[in-house]
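Secondary and tertiary structure notes
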Amino acid sequence: MAGFTTRTIHAIEEIDKGAVTPPIYTASTFLQPTEGGEGEYEYQRGGNPTRDSAQRTLASLENAQHSFLYATGMAATATALGTLRAGDTVLMNLPVYGGNYRFATIELPKRGVDHRFLLDPNTLSDADFDDSVKAVFLETPANPTLRVSDIQRISELAHRHGAIMIVDNTFLTPYLQRPLELGADITVQSATKYLAGHGDLLGGVASTNDDALAEELFKAQLISGGILSPIDSYRLLQNVKTLALRMDRQQENTRKIIEFLEQHPAVAAIHTPGSHSSEEAEIQQRQADGKGAVFSMELAEGRDVRAFLGRLSVFGFAVSLGGIESLLCLPAGMTQGAYAASDLERSDIAENLIRVAVGIEDVEDLIADLDHALDAA
Ligand code: PLP
């Protein structure tokens, strides 16, 4: 099989008039054979050649049989969790991204689907599964604590009890972690983040090797209609070609920034995938090819987080991550703003926990920016 970056560029053979990039088919509808039968494409919601090209490329990166693109990452999560029926229960790690939390606590109850949050999915055992549990939803590393869950072990456990395993792989992407190869049934990703990578596109992808689940994921495009547009599919297809280059640089920048922060007296704690315990470090090492470029940190007692934020000039104070630009945010009031106070507390998300998403800028500038701002804290 060709290498990862070769596949980002050559997974599709769409040579049209010698063009080295595929055309963008914006047509809403496609002419049908007047003598009866169906054309290859009928209507953009059900299928579009540009979206297909992007889907085939993303599928090849995950070694998946099927990938489906939606308008946002949340639409992909909604689709994966939309496979559950009234009376079913989903087990979900806590913390998760605030949108996933909102979906579990606000949307699923309307459908008669129950959820149970897991503070440490690695302690899951047979006893946690009753007949109603039909899915486990894991975000690993978790947003924003970077706690790590064992995809392979939990997939085996779920399967033994007739439940499917869904993994939100937004933080690492298939470049660094391929949950389907570890036994997951569906992966979802916010393509808004690393896949598109430039802070200017929202998208989501769900992938599977299971034909029956693939049919449900496809029907969600056709029936619910939250598809990625042809133009955004094309932009995603182009942007993903530099995914490995960007992530290599982002990881290298992250490594150097953490080295700097570890020595800084104003920083009390840094959380990275595997930093929570030696068990999680071993799992992370085994199941992923890198730690990615998101971490979280706490300032030392008495330091003023707002003063720190106010002095930054290269890092932007904003939600989102995975783009070429470095961003940081305060999850408690921002990405996890929908959490009940008790869930914030038991998730260890303090009000002043800072989530940092490192971009591709020159690392000297990023470190100087943090240094300057920490002095003001
Ligand atoms: N999953 C994770 C882990 C995220 O961080 C996000 C967004 O921040 C999403 C899903 C939702 O993606 P989107 O904003 O594209 O809907």
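This write-up is about the structure you can find in this document. (Residues numbered from 1 in each chain as written. Predicted model: local features only at pLDDT ≥ 70, side-chain atom pairs only at ≥ 80, totals over all residues. Heavy atoms only, no water.)

As for the layout of surface pockets
By volume, the largest pocket amounts to about 540 Å³. Taken together, 37 residues line the largest pocket, and the ones lying closest to its centre are Y97, S190, T192, K193 and S320. Listed by contribution, the elements that provide at least two residues to the lining of the largest pocket are α3 (73–81), α4 (98–110) and β6 (186–190). The element contributing the most residues to the lining of the largest pocket is α4, with four residues. Partitioned by chemical class, the residues of the lining of the largest pocket number 12 nonpolar, 18 polar and seven charged. (1 Å grid on protein atoms, 1.4 Å probe; cavity = no way out; pocket = protein on both sides within 12 Å on 5 of 7 lines; lining within 4 Å. Points joined across faces, edges and corners; volume = space filled by probe spheres on them. Helix = DSSP H or I, 4+ residues; strand = E, 2+ residues; numbered from the N terminus. Nonpolar A, V, L, I, M, F, W, Y, C, P; charged D, E, K, R; others polar.)

Section: the sheet that holds strand β11 (residues 327–329)
The sheet built from five strands is open, its strands ordered β8-β9-β12-β11-β10 with mixed pairing. Since the sheet does not close on itself, it has two edges, and those belong to β8 (267–271) and β10 (316–317), each with one partner. Pairing geometry for β10 and β11, over two bridges, is parallel. Among the inter-strand pairings, F317 is bridged to a residue of β11, identified as L328. Its contacts with the sheet put helix α9 (residues 243–262) on β8 and β9 (294–299), and the angle it makes with β9 is roughly 15°. (Pairing = 2+ DSSP bridges. Contact = heavy atoms within 4.5 Å. Axes fitted to C-alpha atoms, helices over the stretch in contact; angles between N-to-C directions.)

Things to note about the site of the ligand
In the region of the ligand, 13 residues are neighbours, and G73, M74, D168, S190 and T192 sit closest. At a separation of 2.6 Å, an oxygen atom of the ligand approaches a polar side-chain atom of T192. K193 is positioned with one of its side-chain polar atoms (N or O) 3.0 Å from an oxygen atom of the ligand. Using a 2 Å cut-off from the grid points, one finds that the ligand occupies the largest pocket. Taken together, the residues that form the shell around the ligand break down as two nonpolar, eight polar and three charged. (Near = heavy atom within 4 Å. Polar contact = N/O pair within 3.5 Å; in protein donor to acceptor, adjacent residues only side chain to side chain. Sits in = over half its atoms within 2 Å of the grid points.)

A look at the packing of α3 against α4
Running from amino to carboxyl end, α3 crosses α4 at an angle of 45°, the nearest separation of the two axes being 11 Å. Taken as axis vectors, α3 and α4 run oblique relative to one another. Where α3 crosses over α4, the two elements pack in a sense that is right-handed. Two secondary-structure elements touch here, α3 through M74, T77, A78 and L81 and α4 through G99, N100, F103 and L108. Residues belonging to the contact of α3 with α4 are distributed by class as follows: five nonpolar, three polar and no charged. (Parallel < 35°, antiparallel > 145°, perpendicular 65-115°, else oblique. Left-handed = near helix turned anticlockwise from the far one by under 90°.)

As for the packing of aromatic side chains
One pass over the structure, following the stated rule, counts four aromatic pairs. Taken together, a centroid distance of 5.1 Å and an interplanar angle of 45° make the contact between F4 and Y175 tilted. With F4 in helix α1 (residues 4–10) and Y175 in helix α6 (residues 173–176), this residue pair connects regions lying 171 residues apart in the sequence. Y175 matches F4 in its accessibility class, with the two residues each being buried. (Phe/Tyr/Trp six-rings, centres within 6.5 Å; stacked < 30°, edge-to-face > 60°. Buried < 20%, exposed > 50% of the residue type's maximum accessible area, 1.4 Å probe, protein only.)

Considerations on the pairing of strand β5 (residues 164–168)
Across the five residues that make up β5, a large majority, five, are buried. Residue alternation in β5 divides its side chains into two sets, I164, I166 and D168 and M165 and V167, and both sets are buried. Judged from the three bridges that link them, β5 and β6 form a sheet pairing that is parallel. Of the residues in β6, the one forming a bridge with V167 is T187.

Some words on the pattern of salt bridges
As enumerated under the stated definition, the model contains 18 salt bridges in all. Among the ionic pairs, D200 bridges to R235, the shortest N-O distance being 3.0 Å. Here the residue D200 occupies a position in the loop between β6 and β7 (204–208), and R235 occupies one in helix α8 (residues 230–239), the gap between them amounting to 35 residues. For D200, a relative accessible area of 44% puts it in the partly exposed group. Looking at R235, the relative accessible area reads 25%, which means it is partly exposed. Several salt bridges share partner residues, and in doing so they unite E252, R255, K256 and E259 into one network. (Salt bridge = Lys/Arg side-chain N within 4 Å of Asp/Glu carboxyl O.)

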